[in-house]
There are 2 protein chains.
Amino acid sequence: MRPEDRFVERLRRALSPREELLVGPGDDAAVVRSPAGPLVVTTDTLVENVDFLPGEDSSRLGRRAVSVSLSDLAAMGAWPDFLLLTIGFPESASEDLPLVIALAAAKRAEEFGASLAGGDLSRSTEIFLSVAVWGHPCREVIRRSGARPGDVLFLSGWPGEAAAGLAVARARAGGDRFPGSGGWTPEELAVPYETRLLAAYRDPEPRLALGRGLAREDLATAAIDVSDGLGADAARLARASGVRLVIESESLPISPALTAFAELAGRDPVEMALGGGDDYELLFTTRAGRAGRFSDPPAEWGASVQRVGRVEAGDGAFLEEAQGLRPIGDLGFDHFGEAP
Amino acid sequence: MRPEDRFVERLRRALSPREELLVGPGDDAAVVRSPAGPLVVTTDTLVENVDFLPGEDSSRLGRRAVSVSLSDLAAMGAWPDFLLLTIGFPESASEDLPLVIALAAAKRAEEFGASLAGGDLSRSTEIFLSVAVWGHPCREVIRRSGARPGDVLFLSGWPGEAAAGLAVARARAGGDRFPGSGGWTPEELAVPYETRLLAAYRDPEPRLALGRGLAREDLATAAIDVSDGLGADAARLARASGVRLVIESESLPISPALTAFAELAGRDPVEMALGGGDDYELLFTTRAGRAGRFSDPPAEWGASVQRVGRVEAGDGAFLEEAQGLRPIGDLGFDHFGEAP
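Procedures and definitions
Residues numbered from 1 in each chain as written. Chains lettered and ligands numbered in written order. Predicted model: local features only at pLDDT ≥ 70, side-chain atom pairs only at ≥ 80, totals over all residues. Helix = DSSP H or I, 4+ residues; strand = E, 2+ residues; numbered from the N terminus. Rg over C-alpha atoms; globule rule 2.2 N^0.38 Å. Buried ≥ 20, exposed ≤ 12 C-beta atoms within 10 Å, placed from the backbone. Contact = placed C-beta atoms within 7 Å. Pairing = 2+ DSSP bridges. Axes fitted to C-alpha atoms, helices over the stretch in contact; angles between N-to-C directions. Least-squares fit on C-alpha atoms with pLDDT ≥ 70 in both. Parallel < 35°, antiparallel > 145°, perpendicular 65-115°, else oblique. Left-handed = near helix turned anticlockwise from the far one by under 90°. Core = buried A, V, L, I, M, F, W, Y, C linked by C-beta atoms within 7 Å. Domains from an automatic or database assignment. Nonpolar A, V, L, I, M, F, W, Y, C, P; charged D, E, K, R; others polar. Arc of directions from axis to C-beta. pLDDT = per-residue confidence, 0-100. Expected span 1.5 Å × (residues − 1).

## A word on the overall build of chain A
Inference 1: Within chain A one finds nine helices and 13 strands.
Inference 2: A compact globule built from 340 residues should have a C-alpha radius of gyration of about 20 Å, and chain A, at 19 Å, falls within 12% of that.
Inference 3: Taking all 340 residues of chain A together, the buried fraction comes to 56%.
Inference 4: Counting only contacts in chain A whose residues sit at least 6 apart along the sequence, the fraction spanning at least 24 positions is 82%.

## Brief notes about the sheet that holds strand β10 (residues 281–286) of chain B
Each strand in a sheet pairs with its neighbour through backbone hydrogen bonds, running either in the same direction (parallel) or in the opposite one (antiparallel).
Residues and elements named next belong to chain B.
Inference 1: Across the sheet, which stays open at both edges, the seven strands sit in the order β8-β10-β7-β11-β9-β12-β13 with mixed pairing between neighbours. Both edges of this open sheet fall to β8 (222–226) and β13 (324–327), since each of them pairs with a single strand only. Sheet twist, expressed as the average angle between the axes of neighbouring strands with direction ignored, equals 30°.
Inference 2: Where strand β7 (residues 152–156) meets β10, four bridges bridge the pair, whose relative direction is antiparallel. Bridge pairing in β10 links Leu155 to Leu283.

## Some words on the relation of the copies chain A and chain B
Inference 1: The operation relating chain A to chain B is a screw motion whose rotation component is 180°, with 0.0 Å of axial translation and a residual RMSD of 0.0 Å. The relationship between the two copies is best expressed as a two-fold rotation axis. Closest to the rotation axis within chain A is the C-alpha of A:Ala36, separated from it by 2.2 Å.
Inference 2: Comparing interface residues between copies, 100% of those in chain A also lie at the interface in chain B; the contact surface is shared.

## A look at the environment of A:Asp228
All names here are of chain A.
Inference 1: With respect to the helices, strands and loops of the structure, Asp228 is situated in the loop between β8 (222–226) and α7 (230–241).
Inference 2: For the pair Asp228 and Gly275, spaced 47 residues apart in the sequence, the C-alpha separation amounts to 7.8 Å.
Inference 3: Once residues within four sequence positions are removed from consideration, Asp228 is found in contact with Asp233 and Gly277.

## Considerations on the packing of helix α2 (residues 58–75) of chain A against helix α6 (residues 208–216) of chain A
In helix packing, the relevant descriptors are the interaxial angle and the interaxial distance, both defined with respect to the helix axes.
All names here are of chain A.
Inference 1: Interhelical geometry of α2 versus α6 gives an angle of 10° and a closest axis separation of 8 Å. Taken together, the axes of α2 and α6 lie roughly parallel to each other. Of the two possible hands of crossing, α2 and α6 adopt the one that is left-handed. Mapping the contact onto sequence places Leu70, Leu73, Ala74 and Ala75 in α2 and Leu208, Leu210 and Gly211 in α6.

## Looking at the nonpolar core
Inference 1: Among the nonpolar cores identified, the biggest contains 225 residues, and A:Leu83 and B:Leu83 are the most heavily contacted of them.
Inference 2: In contact with A:Leu83, not counting residues within four places along its chain, are A:Val66, A:Ala109, A:Ala114, A:Leu116, A:Ala117, A:Val131, A:Ala132 and A:Val133.

## Observations concerning the domain arrangement of chain A
Residues and elements named next belong to chain A.
Inference 1: Segmenting chain A into domains produces domain 1 (3–137) and domain 2 (152–331).
Inference 2: Spacing between the C-alpha centres of domain 1 and domain 2 amounts to 22 Å.
Inference 3: Taken residue by residue, the interface counts 20 residues in domain 1 and 23 residues in domain 2.
Inference 4: Tallying contributions element by element places α2 first for the side of domain 1 that touches domain 2, with 11 residues.
Inference 5: Considered class by class, the residues forming the side of domain 1 that touches domain 2 number 10 nonpolar, four polar and six charged.

## Digging into helix α8 (residues 256–265) of chain A
Residue and element names in this part refer to chain A.
Inference 1: For α8, the full list of buried residues reads Ala257, Leu258, Ala260, Phe261, Leu264 and Ala265. Buried positions in α8, seen along its axis, are confined to an arc of 160° and lie on one side of it.
Inference 2: Contacts from the buried residues of α8 go to α4 (161–173), α5 (191–202) and α9 (269–275).
Inference 3: With its phi angle positive at about 65°, Gly266 sits one or two positions after the end of α8.

## Some remarks on the interface of chain A and chain B
Inference 1: On the side of chain B, 50 residues touch chain A, which itself brings 50 residues to the contact.
Inference 2: Going through the elements one at a time, α1 (3–14), β2 (30–32), β3 (39–47), β4 (78–89), α3 (96–110), β5 (115–123) and β6 (128–137) of chain A are the ones with two or more residues in the side of chain A that touches chain B.
Inference 3: If you tally residues by element for the side of chain A that touches chain B, the top one is β5(A), at nine residues.

## Considerations on the pairing of strand β12 (residues 316–321) of chain A
Residues and elements named next belong to chain A.
Inference 1: Pairing between strand β9 (residues 244–248) and β12: five bridges, direction parallel. If you follow Val246 over to β12, its bridge partner there is Phe318.
Inference 2: Two strands pair when backbone bridges link them, and β12 and strand β13 (residues 324–327) are joined in this way by four bridges, in the antiparallel orientation. Bridging from a neighbouring strand, Glu321 pairs with Gly324 of β13.
Inference 3: Between β12 and β13, which follow one another and run antiparallel, lie two residues.

## Here we look at the confidence of the model for chain A
All names here are of chain A.
Inference 1: Of the residues in chain A, 94% have a pLDDT of 70 or more, and the chain-wide mean is 92.
Inference 2: Here residues 332–340 is a poorly scored stretch, pLDDT under 50, and it has 28 contacts once near neighbours within four places are set aside; other chains count.
Inference 3: With a pTM of 0.94, the predicted complex shows an ipTM of 0.93.

## Details of helix α4 (residues 161–173) of chain B
Residue and element names in this part refer to chain B.
Inference 1: Here α4 contains 13 residues, and its C-alpha end-to-end distance of 18 Å stays within 8% of the 18 Å for a straight helix at 1.5 Å per residue.
Inference 2: Buried residues of α4: Glu161, Ala162, Ala163, Ala164, Gly165, Leu166, Ala167, Val168 and Ala169, and no others.
Inference 3: At its buried positions, α4 is contacted by α5 (191–202), α8 (256–265) and α9 (269–275).

## Some remarks on the sheet that holds strand β7 (residues 152–156) of chain A
Residues and elements named next belong to chain A.
Inference 1: A sheet is described by the order of its strands in space; here seven strands give the open sequence β8-β10-β7-β11-β9-β12-β13, paired in mixed fashion. Single-partner strands in this sheet number two, and they are β8 and β13. Strand-to-strand twist across the sheet, computed as the mean angle between neighbouring axes with direction ignored, equals 30°.
Inference 2: Relative to strand β10 (residues 281–286), β8 runs antiparallel, the two sharing five bridges. What sits directly across from Ile224, in β10, is Leu283.
Inference 3: Each of β8 and β10 touches α2; the most contacted strand, β8, lies at about 165° to it.
Inference 4: In the packing of α7 onto the sheet, the strands contacted are β8, β9, β10 and β12, and the crossing angle to β8 comes to about 155°.

Shown next as structure tokens:
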């Protein structure tokens with residue numbers, strides 16, 4: 001269990017249950033009772049040197065901070081209404097920095113019909129952005145805990161591309177602090193691949209339309225947004241549901257761009273797909289009888305969706321390869337994408 | 001105008017108006033339309049070395065972060081329902097640190113019937129806590145903008161005590177970084193005074209019950225919570241209402257503890273009352289005909305309330321002394337309480 005999951009477990013045990021909290025800490029978002037029906041609320045933070053590189057473009061930062069928070073609502077099958085934005089920034093920064101961040105954040109929110117309602121500014125040594133967002137369920141909320149043996153496991157998008165994009169961004173940033181490890185340089189990557197990987201890292205797309213589709217058609221028994229790497233988040237979904245998730249290696253969607261990067265950097269693309277973070281894609285389970293719905297997903301879902309495995313009785317997340325099953329925790333991922 | 005006020009002005013001009021935002025950025029909290037009626041939302045952040053001293057007790061920090069955010073709701077005449085808590089903390093910190101903070105925050109919220117719904121953890125160099133809170137208006141929300149010439153100005157509590165408490169805490173922390181300036185030591189202060197000043201700084205009381213009382217009886221034409229110093233926040237209220245606020249020096253409630261501290265430190269207690277920050281008291285205006293209500297405030301308001309001045313036509317915040325009016329901006333406060 002990762003430290004943040006241990007924290008949530010300990011917090012849940014220590015907090016007294018409150019009936020107005022329909023879903024408390026430990027899912028992608030909380031669900032609280034309000035007189036007009038449930039509100040779905042969540043918050044996410046980006047910290048310089050942890051979640052983004054120093055010198056990152058301010059407008060991209062504001063946009064990304066919003067996307068990352070909205071991704072949590074997407075995984076619940078909820079739609080955002082309002083946001084609050086907190087910006088910490090050093091005294092040495094331009095007075096324009098928070099304005100550029102806030103306007104980019106507001107614009108990103110408006111793409112989904114949501115409004116920036118307010119926020120807070122603070123001095124800090126490192127830049128940080130914290131976005132709190134609340135919205136409403138599109139129908140029933142989707143929990144992490146509903147997967148059952150026999151269900152089928154699906155994933156949107158192309159896992160590992162964001163982690164590769166971070167590696168490219170680090171190499172591009174140069175300097176002693178962020179060397180391209182393994183002797184490769186980003187110039188060796190074809191430009192369209194580099195562009196695609198950088199975009200996956202810098203400008204993730206919250207899968208709100210997909211989450212809404214899943215909720216409206218009651219397609220998902222459980223869902224989680226993939227933020228800490230497919231392997232880690234699969235293990236979370238498995239734990240919350242009390243099941244075993246088996247990811248089938250040969251079903252994993254490995255993009256040509258990731259393949260090219262992995263070859264250049266001497267890395268295993270499957271390992272990157274499982275261990276890289278910052279994907280902000282949806283991993284979800286569906287009843288076997290409904291799996292056919294995903295053979296031709298509607299365009300309005302706005303994302304490719306791929307069957308990547310299955311749900312079994314047991315626990316943990318496993319990778320199935322030709323040689324058999326391996327616990328994903330044993331694969332020794334370096335969480336390459338976690339901290340620059 | 002302070003940098004954060006300039007930021008809000010620029011942000012307001014740049015954002016397109018959205019009708020679901022009943023009160024947007026620039027007041028103590030935002031008010032948004034929801035199917036069940038308005039929601040009042042706000043967020044506040046405490047950053048190490050800016051808002052609190054390194055080594056601050058974790059449980060006190062969690063409690064204080066909640067109190068500070070709730071103070072914004074108090075100023076709107078609103079009551080809190082739910083909170084989200086974000087904690088950034090260094091890798092070197094104990095794994096217990098966020099748990100202690102979160103439990104103290106949850107407990108503080110529960111004192112007012114509000115629930116900790118969720119949050120986020122992040123690595124960071126400095127500790128920071130960001131609390132987003134939402135609730136409901138007790139009746140009509142109280143804005144900063146409703147003060148009119150002829151109104152009377154009231155203040156709860158004892159301004160400047162928190163700033164003095166911070167100075168004592170800095171001196172107690174010792175070391176080169178936080179010397180007690182002017183050659184005094186906290187040991188020279190009577191223990192009950194020291195206790196009181198430290199408590200004012202470390203454990204502010206959000207004036208929710210007072211705000212509720214003002215809203216229910218429609219007593220306040222405008223209100224603001226005093227977080228950056230009485231002078232700075234009076235200037236904000238004056239600007240938002242398009243009026244002049246006159247604070248009468250001889251009406252300012254200067255506590256015996258502040259008087260004792262000011263004498264010891266060779267400072268002017270009135271200057272500390274106007275320039276010190278972190279009071280988290282309510283400054284509000286009321287129609288002259290209603291001012292009598294405050295001569296014997298109900299115990300359930302939970303705070304002392306004092307007439308401190310008046311509203312006139314014009315602009316700006318002024319201090320009235322025997323010699324006449326002085327613009328508060330000219331008094332050269334060192335914002336002693338702003339950053340350790």
